[in-house]
Amino acid sequence: MKKTRLVLLGIMLAGVVQVAHMQTTITVDTRKPGSTIQPTMYGIFFEDINYGADGGLYAEMIKNRSFEFPQHLMGWNSFGDVKIHNDGPFDRNPHYARLTWPGHDHKHTGLDNEGFFGVTVKQGETYRFSVWARVAALISGKESIRIELVGADNEVITRQNLIIDSKDWKKYQLELKPGRTDAKARLRIFLTSKGSLDLEHISLFPTETWKNRENGLRKDLAQALYDLNPGVFRFPGGCIVEGTDLHTRYDWKKSVGPVENRPLNENRWQYTFPHRFFPDYYQSYGMGFYEFFELSEDLGAEPLPIVSVGLACQFQNGCCEAHVPVGELSDYIQDALDLIEFANGDVSTTWGKVRAEMGHPAPFNLKFLGIGNEQWGPEYPERLEPFMKAIRAKYPEIQIIGSSGPGSEGKDFEFLWPEMKRLKVDLVDEHFYRPESWFLAQGARYDNYDRKGPKVFAGEYACHPRNRKNNFESALMEAAFMTGLERNADIVHMATYAPLFAHVEGWQWRPDLIWFDNMKSVRSINYYVQQLYGHYPGTHVLKTLSGKTPLTGQDGLFASSALDKDKNQLILKIANTADKVNEVNYVFNRLKAAERDAKCIQLTSPDLDWENTLEEPNKVIPVEKAMKVDSNTLKLELPAKSFTVVIINL
Ligand code: AHR
């Protein structure tokens, strides 16, 4: 009896050992490169959500700098005699503040600004203060102000005086060098003379911005984008393209030209989620289409603007009344045509000239244009059609992107894909914010897509766990799913995770790729997945099979392989989503046995729910090891719940 029990235990243990270490043989056909992987494959989606632009990537530190918020002093405290006037030097931003001596030496007139979640200043850095000003009532011919950075403790950190010496509007600027760091400082301005002066477009930027541009971007955040090595850069969203109503849609023409005269726009994310309400969230357009194109160029990514199709946000509106009638779209169509001219036109053209005057005479080389964001119903194709006719006629080289609606499948999706085929768009934008189970089930999503129709742009996607964290599990799901994008690179030409940025004090939507406060930023685990794909995209798909089938989730494995013809590298990507180790035996068909240098980059975590935070930014990051591959096979031990990329120099 005892013996039988022991034998049974032995059999059970053997079973445990066997299932605890699964084994899989994978063949990679190294000599028959398949479809080309587009250089645009892995990219960036940008939208001003979660304070992604104003208060985020755009380095301006003053909120409501032109006094154009509907509550003209929102973001400001005023004291003494301050009045708002509306006949300023910039016709699209006419408001300004008039400061007048309060009539007694012991009293003060002035303003202070709270910034975006504080005016955050760092010791050792320099900040450029600028203001448009004029003397309002000529008594002495001169007036003066004192500009201070004031700490959270109300102590002055640094101050400077400025003489306003003209009754004509002029730009003045000076530099402030704080002697200490304060995350929650304020910018305070005192009138220090006994007359009256006018102030407009009060601005404060760190002098050190991305590429040190004056109207620049926050360096650490732009660097994080650069470090993704993106192939495409989609802007300016997202729902803000559409607007809650048509007049609040993103109007690219208002976002170019001198920054002082770009009018304020509402930001729909101010109120979209009443439980995450931010009454002071507006779009200054300070980072506008010129800056977006310039950033695309800096990043080496193809610019991909999206324009309104004449439909205000369909989530926020019923039908009809909020939309432009089909026969009245000509201004919207002209905006799209003019945008192409702005990006690519010769400097002698109207909009090419605007671009040149802004500092970029060379074209931006625009190749792609999205028409409409998350649209649905028959109202979309009937509007898209006249856009397409006009663009095809004038700019046949531009690739047009149409929408498949807000869902990853379902009624709208089923209706729009055939419509997009009928209209012959070049790419169809698909959006999916779905849970882990969806990502696990979608490894083969694109395997049976029609190869003759438009290509796919997975234009917004992210794994949404129940707790909405950027946790390790969500990143692993995305890594696994993305092997399916790569295997289907003949049809999937672009993919962009969304949203991109979130301020920890000002988010409306999560998860997001990069989190930040005013002092620092953190790259989520999902970011590292995007980065691995972005840095090792390969140029051609290689057939990667277990037996006769691709790995789309069998035993939890998802795999793809690519050849990089330019770098002469073999790139293997494999996600093990199972909770068991898998010993994988790669066999490289028709590759000569030889010793080769390689590296293995692995992303694992002791806990599926771990995430990187501002306090622990490197809690889960990829770990890289050099290795040698000395034959035409490779044994890899894949930890349970892991993503592995192997790069072999051929
Ligand atoms: O990425 C956040 C939002 O999700 C986008 O603005 C919209 O297109 C989608 O619904």
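Computed from a prediction, not measured in an experiment: that's the story for all the values here. (Residues numbered from 1 in each chain as written. Predicted model: local features only at pLDDT ≥ 70, side-chain atom pairs only at ≥ 80, totals over all residues. Heavy atoms only, no water.)

Quick notes on the overall build of the protein chain
Per the secondary structure count, the protein chain includes 10 helices and 35 strands. Relative to a compact globule of 650 residues, whose C-alpha radius of gyration would be 26 Å, the protein chain shows 28 Å and is just as compact. The C-alpha extent of the protein chain, read off along each of the three principal axes, is 105 × 60 × 45 Å. Across the protein chain, contacts joining residues at least 24 apart in sequence account for 77% of those joining residues at least 6 apart. Put simply, the protein chain shows about 25,800 Å² of open surface, and 51% of that area lies on carbon and sulfur atoms. Each charge class in the protein chain was averaged separately, 75 positive and 84 negative side chains, and the resulting centres sit 5 Å apart. (Helix = DSSP H or I, 4+ residues; strand = E, 2+ residues; numbered from the N terminus. Rg over C-alpha atoms; globule rule 2.2 N^0.38 Å. Contact = heavy atoms within 4.5 Å. Areas by Shrake-Rupley, 256 points an atom, 1.4 Å probe, with all protein chains shown as cover. Lys, Arg positive; Asp, Glu negative; His and termini not counted. Charge placed at Lys NZ, Arg CZ, Asp CG, Glu CD.)

Some remarks on the site of the ligand
Taken together, 13 residues sit near the ligand, with Glu-47, Cys-239, Glu-374, Tyr-433 and Glu-460 positioned nearest. One of the side-chain N or O atoms of Asn-373 is found 2.9 Å from an oxygen atom in the ligand. Glu-460 is positioned with one of its side-chain polar atoms (N or O) 2.6 Å from an oxygen atom of the ligand. Burial of the ligand by the protein chains amounts to 96% of its free accessible area of 280 Å². Classifying every residue of the shell around the ligand by side-chain character gives 7 nonpolar, 3 polar and 3 charged. (Near = heavy atom within 4 Å. Polar contact = N/O pair within 3.5 Å; in protein donor to acceptor, adjacent residues only side chain to side chain. Nonpolar A, V, L, I, M, F, W, Y, C, P; charged D, E, K, R; others polar.)

A short note on empty space enclosed by the protein
Taken as a whole and judged by the stated rule, the model has 4 cavities of 30 Å³ or more. Here the largest cavity defines a volume of roughly 180 Å³. Taken together, 21 residues form the lining of the largest cavity, with Asn-64, Arg-65, Phe-69, Leu-264 and Ser-284 sitting closest to its centre. Within the lining of the largest cavity, the residues separate by chemical class into 9 nonpolar, 5 polar and 7 charged. Three or more residues apiece are contributed to the lining of the largest cavity by two domains, here domain 2 (42–59 + 212–536) and domain 3 (76–206). Considered as a void within the structure, the second largest cavity measures approximately 100 Å³ in volume. Tyr-250, Trp-252, Val-307, Ser-308 and Asp-335 are, among the 13 residues lining the second largest cavity, the residues nearest its centre. (1 Å grid on protein atoms, 1.4 Å probe; cavity = no way out; pocket = protein on both sides within 12 Å on 5 of 7 lines; lining within 4 Å. Points joined across faces, edges and corners; volume = space filled by probe spheres on them. Domains from an automatic or database assignment.)

Some details on the nonpolar core
Ranked by internal contacts, the top residues of the largest apolar core, which has 130 residues, are Leu-57, Ile-391 and Tyr-446. Looking at which element gives the most residues to this core, the answer is helix 9 (residues 472–487), with 9 residues. Filtering out sequence-adjacent residues up to four positions away, Ile-391 remains in contact with Ala-336, Leu-337, Ile-340, Leu-369, Ile-371, Pro-396, Ile-398 and Ile-400. Residues Val-119, Leu-187, Leu-197 and Ile-202 belong to the second largest nonpolar core, which totals 32 residues. (Core = buried A, V, L, I, M, F, W, Y, C linked by side-chain atoms within 4.5 Å. Buried < 20%, exposed > 50% of the residue type's maximum accessible area, 1.4 Å probe, protein only.)

Some points on the domain arrangement of the protein chain
Taken domain by domain, the protein chain holds domain 1 (21–34 + 542–649), domain 2 (42–59 + 212–536) and domain 3 (76–206). Taking the mean C-alpha position of each, domain 1 and domain 2 sit 31 Å from one another. Taken together, the contact pairs 37 residues of domain 1 with 33 residues of domain 2. Among the ionic pairs, Glu-486 bridges to Lys-573, the shortest N-O distance being 2.4 Å. Counting across the domain 1 and domain 2 interface gives 11 residue pairs in polar contact (both at pLDDT 80 or more). Looking at the side of domain 1 that touches domain 2, the elements with two or more residues in it are strand 29 (557–564), strand 30 (569–576), strand 32 (596–604) and strand 35 (642–649). When its residues are assigned to classes, the side of domain 1 that touches domain 2 shows 19 nonpolar, 11 polar and 7 charged. (Salt bridge = Lys/Arg side-chain N within 4 Å of Asp/Glu carboxyl O.)

Structural notes on helix 3 (residues 289–299)
Within helix 3, 10 of the 11 residues are buried, leaving the element largely enclosed by the surrounding structure. What helix 3 keeps buried is the set Phe-289, Tyr-290, Glu-291, Phe-292, Phe-293, Glu-294, Leu-295, Ser-296, Asp-298 and Leu-299. Residues of helix 3 that are buried make contact with strand 2 (42–45), helix 2 (219–226), strand 14 (232–235), strand 17 (302–307), helix 4 (330–344) and helix 5 (350–357). Gly-300 lies just past helix 3 and shows a positive phi near 70°.

Re the sheet that holds strand 20 (residues 427–434)
If you walk around this closed barrel you meet the 8 strands as 2-14-17-18-19-20-21-22, and the pairing is parallel. Looking at each pair of strands side by side, their axes are set apart by 25° on average, direction ignored. Where strand 20 lies against strand 21 (residues 455–463), 8 bridges are found, and the strand directions are parallel. Bridging from a neighbouring strand, Asp-429 pairs with Phe-457 of strand 21. Lying on the sheet, helix 6 (residues 379–394) is in contact with strand 18 (368–371) and strand 19 (399–403); it crosses strand 19 at an angle near 175°. (Pairing = 2+ DSSP bridges. Axes fitted to C-alpha atoms, helices over the stretch in contact; angles between N-to-C directions.)

Details of the side chain of His-323
One can find His-323 in the loop between strand 17 and helix 4. Non-local contacts of His-323, meaning those with residues more than four positions away in its chain, are made with Leu-246, Gly-310, Leu-311, Ala-312, Gln-314, Gly-318 and Arg-383.

Considering the packing of helix 3 against helix 4
Helix packing geometry: the angle between the two helix axes and the distance between the axes. Interhelical geometry of helix 3 versus helix 4 gives an angle of 50° and a closest axis separation of 11 Å. With respect to helix 4, the element helix 3 is oriented oblique. The handedness of the crossing between helix 3 and helix 4 is right-handed. In this structure, helix 3 uses Phe-289, Tyr-290 and Phe-293 to contact helix 4, whose residues at the interface are Leu-339, Phe-342 and Ala-343. Classifying every residue of the contact of helix 3 with helix 4 gives 6 nonpolar, no polar and no charged. (Parallel < 35°, antiparallel > 145°, perpendicular 65-115°, else oblique. Left-handed = near helix turned anticlockwise from the far one by under 90°.)

Here's the deal with unusual backbone geometry
Residue Pro-499 is bonded to the preceding Ala-498 through a cis peptide linkage, with omega at -15°. Within the secondary structure layout, Pro-499 lies in the loop between strand 22 (492–497) and strand 23 (501–503). A cis geometry characterises the amide bond from Arg-510 onward to Pro-511, with omega recorded as 5°. Structurally, the position occupied by Pro-511 is in the loop between strand 23 and strand 24 (514–516).

So, the sheet that holds strand 30
One open sheet accounts for 6 strands, arranged 26-29-30-35-32-33; its pairing is antiparallel. Strands with a single pairing partner mark the edges of an open sheet, and in this sheet they are strand 26 (540–542) and strand 33 (623–629). Strand-to-strand, the axes of this sheet are offset by a mean angle of 25°, without reference to chain direction. As paired elements, strand 30 and strand 35 share 8 bridges and run antiparallel to each other. Note that in strand 35 the partner of Ile-574 across the bridge is Thr-644. The strands touched by helix 9 within the sheet are strand 26, strand 29, strand 30, strand 32 and strand 35, with strand 29 carrying the most contacts at an inclination of about 55°.

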